[in-house]
Amino acid sequence: AVVRKIKEELNVEINFQDVPKGSLPSKKAKVTLAGSAADVEKAKTVINNILMYCHDELTHPGQVHEELDIEPWAYRYLIGPGGCEMKHIQNNWKVRVNIPRETSTNDKVLIVGERDQVERAKTYVEKLIWNAENNAKGRDKADGSTADPWGAEEEQEAWMTPYMYKR
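Let us look at the structure shown here. (Residues numbered from 1 in each chain as written. Predicted model: local features only at pLDDT ≥ 70, side-chain atom pairs only at ≥ 80, totals over all residues. Heavy atoms only, no water.)

1. What about the packing of helix α4 (residues 84–93) against helix α5 (residues 115–134)?
Stage number 1. Running from N to C, α4 and α5 point in directions that differ by 155°, and their axes come no closer than 9 Å. Taken together, the axes of α4 and α5 lie roughly antiparallel to each other. In the crossing of α4 with α5, the sense of the turn from one axis to the other is right-handed. Listed contacts from α5 to Glu85, His88, Ile89 and Trp93 of α4 are Gln117, Arg120, Ala121, Tyr124, Val125 and Leu128.
Stage number 2. Broken down by class, the residue content of the contact of α4 with α5 amounts to 6 nonpolar, 2 polar and 2 charged. (Axes fitted to C-alpha atoms, helices over the stretch in contact; angles between N-to-C directions. Helix = DSSP H or I, 4+ residues; strand = E, 2+ residues; numbered from the N terminus. Parallel < 35°, antiparallel > 145°, perpendicular 65-115°, else oblique. Left-handed = near helix turned anticlockwise from the far one by under 90°. Contact = heavy atoms within 4.5 Å. Nonpolar A, V, L, I, M, F, W, Y, C, P; charged D, E, K, R; others polar.)

Here you go:
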């Protein structure tokens with residue numbers, strides 16, 4: 001549908017090189033564009049926008065994107081167990097969330113959809129990542145709850161001396 005829209009709107013012909021089965025995903029494929037020089041340049045721009053931002057105004061009218069600079073260690077909080085957090089974000093705000101892979105042209109997390117929904121999803125994601133950064137759990141918790149559960153040590157009395165272990 002996207003390729004057909006580009007062909008119809010810009011009056012260009014688009015051909016994709018056949019990719020052999022079992023080839024690496026990082027291997028680039030050749031795309032041939034035919035038409036007037038101005039239309040071919042517009043088509044190149046549209047295709048590059050789709051590769052970089054997962055949308056273009058020509059093929060996805062009314063959609064915008066937001067780029068979030070999220071560290072790779074935090075992707076697991078964005079995805080959630082079994083992808084539930086990602087599904088929640090995408091279904092609740094009717095947006096698409098794209099996490100970069102090693103073969104991606106854009107190295108930032110993208111949220112694509114209608115402007116108001118993208119803003120709301122971005123706010124939610126930023127809050128989610130902030131909570132992941134600032135709410136340490138387990139042994140690394142620094143809120144003082146790792147203190148001795150029996151309380152502070154009392155002063156040593158004389159009768160305790162034979163039972164004390166000296167280091």
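2. Focus: the layout of surface pockets
Leftover empty space is mapped by rolling, across the atoms, a probe with the size of a water molecule.
Stage number 1. Considering only enclosed or pocket space, the largest pocket measures out at about 870 Å³ in volume.
Stage number 2. Around the largest pocket, the lining comprises 28 residues; the ones closest to its centre are Ile47, Asn48, Ile50, Leu51 and Thr105.
Stage number 3. Those elements giving two or more residues to the lining of the largest pocket turn out to be α1 (2–10), β1 (13–16), β2 (31–34) and α2 (37–53).
Stage number 4. Here the lining of the largest pocket takes 6 residues from α2, the largest share from any one element.
Stage number 5. Looking at the lining of the largest pocket, its residues break down into 17 nonpolar, 7 polar and 4 charged. (1 Å grid on protein atoms, 1.4 Å probe; cavity = no way out; pocket = protein on both sides within 12 Å on 5 of 7 lines; lining within 4 Å. Points joined across faces, edges and corners; volume = space filled by probe spheres on them.)

Take it as geometry only, folks, not as evidence of what the structure does.
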